Amino acid sequence: MPTNSRPTIWEHAQDKGVSRRDFLAACAWMTALLGLPNESVAQVTKALETKPRIPVLWFHFQECTCCSESFIRSSHPGVADIILDKISLDYTETLMAASGKQAEDALHDTMTKYKGEYLMLVEGSIPTGANGVYCCIGGRTALDIAREAAAGAKALVAWGSCASNGCVQNAKPNPTKATPIHELISGVPIIKVPGCPPIAEVMTGTIVHLLTFDRIPQVDGLGRPKAFYSRRVHDTCYRRPNYDAGLFVNSFDDENAKRGYCLYKMGCRGPVTYNSCGVMRWNGGTSFPIQSGHGCIGCSEGNFWDNGPFYHHLPNFPGFGIETTADDLGLKLGAATLVGIGAHAISTNIRKHRLLKEERETSEVVQDGRAEQGGS
Amino acid sequence: MPKTTTLGRVYVWEIPVRVYHWLNALCIVILCVTGYLIGAPIAIQRASEASFAYWFGKVRFIHFLFAYVFFFNFLFRLYWGWAGNRYASWRNFIPFRKRQWEEVKAVIAVDILQVDDQPIETIGHNAVAGFTYFFTFLAFLFQAITGFGLYAAMSKSWFPQLFAWIVPLMGGDFSVRQWHHVFMWFFILFSIVHVYLVFYHDYVEGRGEISSMGSGWKFIEKEYHPHMKEKTVAASKK
Ligand code: HEM
Ligand code: SF4
Ligand code: SF4
């Protein structure tokens, strides 16, 4: 066993009374969560046996705690427990027992003792309006706290849509100037785990990856782990054959809705939303919105609140009030163009009258010219 | 006695330009129709199982197929802007020269506001038309980038992946898709105006504007282009 002063994850699990069998089962689960092949179970197990627990600071800024709620409901109880146990959650406003000075001390202890080693998890956006007074903890603004903590963090995970893209807080008109974390913090790797909330298994999967491989998972162009966000809900949706067949629900109470046809025309955002809902589903794989007959609202995509209405495929065209889509506008512009053309055509016949008449007359001259040449 | 005019035949649009033009027109019509259907599919009421039908999949397939044709045809036209004749040259599309700006002013006065009757002497695109096409080329590019950017998520081929960067740049698939949809209207509005103006020029100038994209020839008044080669003039007289 390593001589590290901090206990390894396995040691810690033993202290908590976790059996070897449960530990291995959890390792296998985590391997599956990461989307790794069977052979990797050994690698994951080894990592968890030998690696000390990572100190974790979990901050709660402008949020509703749905991400935490989702996380603690990870489907496999062993996984949730072990993950909660095996990270050393040194500070998290909603789950820690400590409060007041004790809590602040714990935070500072970790930040100084484990500088450059701890993991920073951020739930919620950060308000920058009015110097950030909309979110203060212990008398300091969220931005202040985040900057200080990020300076010594090994990596930063932006939990949920709030931290990743602003979610409802930064929907128009965004009175508090709520801002996603990556726009405020730099110099530390940021992994975005969007969703409102993210799926529990996606959250645990991301943490497990960080624990197991000691480096950030592969991310896509927007900084989301590819393992969970590389496919659209639409690509893994069980209603997809209906989409390809052109079988659509037209209204929520029609026959097609009963038959379980595709919800595209009901505004389903599945085709533009990257998430694992179609595969992992929610609450331990029980269901997901589309399975219960409601379209995806695109909760893991930036701006999803402003891209409304949720029940129309085309959003309102910005700047033209509600219920005006690009197609409405296009049709009006098309009609205006036709009117303009009509007016121009009339004007042409009036204003170019002389010219047109002259042309008709001169045309004969050309024929004469040709007649001169060859004689017709 | 009205002044006399001698028309000379000028070979303006070479075959590659004409083929490009009609292929492009075909692609745009098909892409607009299929694109519109993708945005607002007709919902058929049918009791049969999904596995027996694929019509929406086919609509999308046609969109993607013509998307490729559209894009490579466009690239070809860009190439022809260097390889082709002077009327096809890229120089016609950007008014760098003073003469072009003067013509812009003249075209606005003569053809748009109709406050003047001075003849516009250009043989190929006039300066306003050329500059407008410059913007349509930008729209082609935009539509291709957003389209292939969206397509990257559905394709394993390397080619669409070249455009995947547009998605994070525009904030996500949703806005890429919305703008891709909005630009369909640019194509529709452009087509309406374009077709009208072709008829207008043919009617007012009598130079064979409409047929020129079929035959390649235009009929130009000799007095505006006294340097016009005798050969071309002679050709018109047979
Ligand atoms: C004249 C050019 C084009 C027009 C007018 C056009 C129009 C449209 C429209 C209106 C939509 C529906 C958007 C919506 O409301 O969801 C669409 C979808 C789409 N277009 Fe285009 N498009 C054009 C060119 C292209 C090109 C060059 C590509 C390149 C691959 C492309 C790829 C796509 C894709 C991938 C979709 C989404 C289809 C789906 O998710 O099922 N388009 N297009
Ligand atoms: S219900 Fe939504 S996600 Fe599923 S196939 Fe239809 S559009 Fe795609
Ligand atoms: S189906 Fe869409 S809206 Fe629902 S949870 Fe998944 S990503 Fe969010």
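Treat the numbers as computed from the prediction; the structure is a model and nothing was measured. The residue numbers shown here count from 1 along each chain, following its written sequence. Ligands are numbered from 1 and chains lettered from A, in the order in which they are written. Only residues with pLDDT of at least 70 get local features here, since the model is predicted, and only at 80 or more are side-chain atom pairs given and counted; chain-wide, interface and lining totals rely on the full set of residues. Values shown for side chains rest on all heavy atoms present in the structure; no hydrogens or waters enter the calculation.

Draft legend 1. Molecular detail of the environment of Ile 38 of chain B. Under the DSSP-based scheme used, a helix requires at least four consecutive residues in state H or I and a strand at least two consecutive residues in state E, with every element numbered from the N terminus. Secondary-structure assignment places Ile 38 of chain B in helix H1 (residues 15-39). On the accessibility criterion, Ile 38 of chain B (10% relative accessible area) is buried. The contact partners of Ile 38 of chain B, leaving out residues within four places of it in the chain, are Tyr 264 of chain A together with Phe 56, Val 59, Arg 60, His 63 and Arg 177 of chain B. Three labels apply to residues, based on accessible area from a 1.4 Å probe with only protein chains included: buried if under 20% of the type maximum, exposed if over 50%, partly exposed otherwise in between. Only heavy atoms enter the contact rule, under which two residues are in contact if any of them lie within 4.5 Å.

Draft legend 2. Summary view of the side chain of Glu 205 of chain B. Tracing the backbone through its elements, the reader meets Glu 205 of chain B in helix H7 (residues 173-205). Those residues in contact with Glu 205 of chain B that lie beyond four places of it in its chain are Glu 359 of chain A together with Asp 111 and Glu 221 of chain B.

Draft legend 3. View of the interface of chain B and chain A. Each side of the interface is counted separately: chain B has 57 residues, and chain A has 59 residues. For the pair chain B and chain A, the summed buried surface comes to about 4,900 Å²; carbon and sulfur atoms form 58% of the total. Salt bridges, as used here, are contacts in which a Lys or Arg side-chain nitrogen is within 4 Å of a carboxyl oxygen on Asp or Glu. Run the count over chain B and chain A and you get one salt bridge. A salt bridge links Asp 244 of chain A to Arg 60 of chain B; the shortest N-O distance between them is 3.8 Å. N or O atoms within 3.5 Å of each other form a polar contact, as long as, within protein, one can give a hydrogen and the other can take it, and as long as residues adjacent in sequence are counted only when both atoms are side-chain atoms. The interface formed by chain B and chain A contains 18 residue pairs in polar contact (both at pLDDT 80 or more). Elements represented by at least two residues in the side of chain B that touches chain A include exactly H1, helix H2 (55-83), helix H3 (98-112), H7 and helix H9 (230-237) of chain B. For the side of chain B that touches chain A, the leading source of residues is H7 of chain B, giving 17 residues. Polar here means any residue outside two lists: the nonpolar Ala, Val, Leu, Ile, Met, Phe, Trp, Tyr, Cys and Pro, and the charged Asp, Glu, Lys and Arg; Gly therefore counts as polar. Residue composition of the side of chain B that touches chain A, grouped by class: 33 nonpolar, 13 polar and eleven charged. The quantity reported as buried area is the accessible area (1.4 Å probe) lost by two parts once they are put together, taken as the sum for both.

Draft legend 4. Quick peek at the coordination of the iron atom of ligand 1. Residue and element names in this part refer to chain B. The coordination sphere of the iron atom of ligand 1, as far as protein atoms go, consists of His 63 (NE2) and His 180 (NE2), spread over 2.0 Å. Because no water is among the atoms considered, metal sites can look incomplete, with donors defined as N, O and S atoms within 2.8 Å of the metal, or 3.2 Å for Na, K and Ca. Labels for metal geometry use angle windows, namely 85 to 135 degrees for all angles of a four-donor tetrahedral site, and for square planar (four donors) or octahedral (six donors) sites opposite donors over 155 degrees apart plus all others within 65 to 115; sites meeting none of these are irregular. Given six donor atoms and angles of 86 to 178° at the metal, the environment of the iron atom of ligand 1 is assigned as octahedral. On the criterion of sequence distance, the pair formed by His 63 in helix H2 and His 180 in helix H7 is long-range, its members being 117 residues apart. When sorted by exposure, His 63 lands in the same class as His 180, which is buried.

Draft legend 5. Fine view of the packing of aromatic side chains. The aromatic pairing rule takes the rings of Phe, Tyr and Trp, using the six-membered ring of Trp, and pairs them if the centres are within 6.5 Å, calling planes under 30 degrees apart stacked, those over 60 edge-to-face and the rest tilted. Taken as a whole and assessed by the stated rule, the structure comprises 55 aromatic pairs over all chains. A ring pair is formed by Phe 74 of chain B and Phe 137 of chain B, whose centres lie 5.8 Å apart and whose planes are at 45°; its orientation type is tilted. A residue pair is termed long-range when its members are at least 10 positions apart, and Phe 74 of chain B in helix H2 and Phe 137 of chain B in helix H4 (residues 127-152) qualify at 63 residues. Assessed through its relative accessible area of 3%, Phe 74 of chain B is described here as buried. Its relative accessible area of 13% is what places Phe 137 of chain B among the buried residues. Above the ring of Trp 10 of chain A, the side-chain terminus of Arg 20 of chain A is found at 4.8 Å from the ring centroid. Counted as over-ring charges are cases with an Arg CZ or a Lys NZ within 6 Å of the ring centre that also lie within 35 degrees of the ring normal.

Draft legend 6. Expanded view of H4 of chain B. One less than the residue count of a helix, multiplied by 1.5 Å, gives the span that helix is expected to have. Look at H4 of chain B: 37 Å from first C-alpha to last across 26 residues, which is about the 38 Å you get at 1.5 Å a residue. Capping the start of H4 of chain B, Asn 126 of chain B holds a side-chain oxygen 2.9 Å from the backbone nitrogen of Val 128 of chain B, two or three residues further along.

Draft legend 7. Structural view of the site of ligand 1. Around ligand 1, the surrounding shell holds 26 residues, and the nearest of these are Arg 60, His 63, Arg 177, His 180 and His 181 of chain B. We call a residue near a molecule or strand when any one of its heavy atoms sits within 4 Å of it. Residues lining ligand 1 come from chains A and B. Within the side chain of Tyr 243 of chain A, a nitrogen or oxygen atom sits 3.0 Å from an oxygen atom of ligand 1. Within the side chain of Arg 60 of chain B, one N or O atom sits 2.4 Å away from an oxygen atom of ligand 1. Contributions of two or more residues to the shell around ligand 1 are made by H1, H2, H4 and H7 of chain B.

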